[in-house]
Amino acid sequence: MRLRGLAVAALCLAAAGAVAVFAAGEMLSRPARASVGPAPADLQAAPVAFPAAQHGIVKGWLVCGVPGKGVILLLHGVRSNRTEMIGRARFLKAAGYSSLLIDLPAHGESGGDRITFGMREAAGVTAALDYLRQALPAEPVGVIGASLGGASLVFANARPAPRAVVLESMYPTIDEAVANRLAMRFGAGGAYLAPLLLWQLPLRLDLSADALKPIDGLARIGAPLLIASGTLDQQTTIAEARRLYQAASEPKELWEVAGAAHQDLHAFNSVEYERHVLAFLDRALR
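The rules we used
- Residues numbered from 1 in each chain as written.
- Predicted model: local features only at pLDDT ≥ 70, side-chain atom pairs only at ≥ 80, totals over all residues.
- Heavy atoms only, no water.
- Helix = DSSP H or I, 4+ residues; strand = E, 2+ residues; numbered from the N terminus.
- Buried < 20%, exposed > 50% of the residue type's maximum accessible area, 1.4 Å probe, protein only.
- Areas by Shrake-Rupley, 256 points an atom, 1.4 Å probe, with all protein chains shown as cover.
- Axes fitted to C-alpha atoms, helices over the stretch in contact; angles between N-to-C directions.
- Parallel < 35°, antiparallel > 145°, perpendicular 65-115°, else oblique.
- Contact = heavy atoms within 4.5 Å.
- Nonpolar A, V, L, I, M, F, W, Y, C, P; charged D, E, K, R; others polar.
- Core = buried A, V, L, I, M, F, W, Y, C linked by side-chain atoms within 4.5 Å.
- Pairing = 2+ DSSP bridges.
- Right-handed = clockwise from strand over helix to strand, strands pointing away.
- Phe/Tyr/Trp six-rings, centres within 6.5 Å; stacked < 30°, edge-to-face > 60°.
- Salt bridge = Lys/Arg side-chain N within 4 Å of Asp/Glu carboxyl O.
- Left-handed = near helix turned anticlockwise from the far one by under 90°.

Draft legend 1. Up close: the overall build of the chain. Scanning the chain from N- to C-terminus turns up ten helices and ten strands. Counting every position in the chain, which comprises 286 residues, the buried fraction comes to 49%. Surface accessibility of the chain: about 12,800 Å² in total, with carbon and sulfur atoms responsible for 59%.

Written as structure tokens, this is what we have:
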């Protein structure tokens, strides 16, 4: 009788875990709508909007710097929006760079039905690069993508390629990203729940886990690349960042941000971030 009770309890626990994981799948893919409001006055940014293929209108801010210096497309992380990149836009403006901050599809004030971990957000990246080529045709273009923003850039496979790319805290494969996050929440055994989340991808997003592997596209970036990742990041581990670096083509650099977790690397250490990133952009866009 006691064994039977334990078995029932175990089944109930497993069922509760499955329900929780299914609910997590809904939450993770649900659009992250937000009213962004006006840009900070010191940026002197102009609001912009342009269509992104089948994913509605992409909205953003264009910040103008010194003509000929270059323009940087800024791509935020998952469930965030362009406001995450304001700090970067400020120091880039101070250095003379123009920048374009956008809300990726299904984020902020942009259109889009579901968050797709970079795959359909890539349409927003493509549209933004097309916009920059038309609005600022003489400016060399660089891109800074944080987490989801980095994956979106890789999946966009932009042609012509940007002149410089910075990828921050980007996951190598969706399998690892999901397993890492579940392990953080439920302990080492949490990784065994990953198939329950990944199984939902075709149902919710019409995508397979095999399609969500940014590491496979790194060799095709076609631009000087800086990969940055925190040494204490548990969502995209430093070992995974090193694998990303190994998979990329030259010229490439790896910056291991000592003490940083999966967080805004500019906010974590703005002095070192600005030194590394500006030096890289100045070399690549010179």
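From this point, the narrative continues.
Draft legend 2. Main features of the packing of helix α3 (residues 122-135) against helix α4 (residues 148-156). Put simply, α3 and α4 touch, their axes get as near as 8 Å, and they point 75° apart. Relative to α4, the element α3 lies roughly perpendicular. Together, A122, V125 and T126 of α3 and S152, L153, F155 and A156 of α4 make up the contact between the two elements. Of the residues belonging to the contact of α3 with α4, the class tally is five nonpolar, two polar and no charged.

Draft legend 3. Molecular detail of α4. Where burial is concerned, most of α4 is hidden: nine out of the nine residues are buried. Residues of α4 that are buried: L148, G149, G150, A151, S152, L153, V154, F155 and A156. Tucked into the core, α4 has its buried residues touching β4 (71-75), β6 (107-108), α3, β7 (141-146) and β8 (164-168). Where α4 terminates, the next one or two residues include N157, which has phi positive at roughly 50°.

Draft legend 4. The nonpolar core, seen in detail. If you look at the biggest cluster of nonpolar residues, it comprises 54 residues, and the most contacted ones within it are L73, L100, I102, I174 and L218. With seven residues, α3 is the largest single contributor of residues to this core. If we skip the residues at most four places from it in the chain, L100 touches V48, F50, W61, L62, V71, I72, L73, L74, A128, Y131 and L132. Formed by 29 residues, the second largest nonpolar core is a distinct cluster that contains I144, L226, L278 and F280.

Draft legend 5. Here's a closer look at the pairing of strand β10 (residues 252-257). Relative to β10, strand β9 (residues 225-230) runs parallel, the two sharing six bridges. For I227, the partnering residue across the bridge sits in β10 and is L254. Handedness of the crossover joining β9 and β10 through helix α8 (residues 238-247): right-handed.

Draft legend 6. Structural view of the packing of aromatic side chains. Within this structure, the stated rule accounts for three aromatic pairs. Note on F50 and Y131: the rings are 5.0 Å apart at their centroids and 20° apart in plane angle, and the pair reads as stacked. Of the two residues, F50 is situated in strand β2 (residues 46-51) and Y131 in helix α3; the sequence distance between them amounts to 81 residues. Where W255 meets Y273, the ring centres are 6.2 Å apart and the plane angle is 55°; that geometry is what we call tilted. Linking W255 in strand β10 with Y273 in helix α10 (residues 270-285), this pair joins segments that are 18 residues apart in sequence.

Draft legend 7. Spotlight on the pattern of salt bridges. Following the criterion strictly, the structure yields twelve salt bridges and no others. Note that D130 is salt-bridged to R133, the shortest N-O span being 2.6 Å. Remark: R133 and D130 occur in helix α3; sequence separation between them is three residues, near one turn of the helix. Looking at D130, the relative accessible area reads 33%, which means it is partly exposed. One network of salt bridges, in which partners are shared, links R82, D103 and E109.

Draft legend 8. How the structure looks around the packing of helix α2 (residues 86-94) against α10. Interhelical geometry of α2 versus α10 gives an angle of 55° and a closest axis separation of 11 Å. Comparing the axis directions of α2 and α10 gives the class oblique. At the point where α2 passes α10, the crossing takes the right-handed sense. Each of R88, F91 and L92 in α2 lies in contact with α10, whose residues at this interface are Y273, E274, V277, L278 and L281. Classifying every residue of the contact of α2 with α10 gives six nonpolar, no polar and two charged.

Draft legend 9. Region of interest: the environment of P251. The topology assignment puts P251 in the loop between α8 and β10. With a relative accessible area of 48%, P251 lands in the partly exposed category. Once the C-alpha coordinates of P251 and P224 are considered, the two residues, 27 residues apart in sequence, prove to be 5.0 Å apart. When near neighbours in sequence (up to four residues on either side) are disregarded, P251 contacts A223, P224 and L225.

Geometry only, nothing functional implied.
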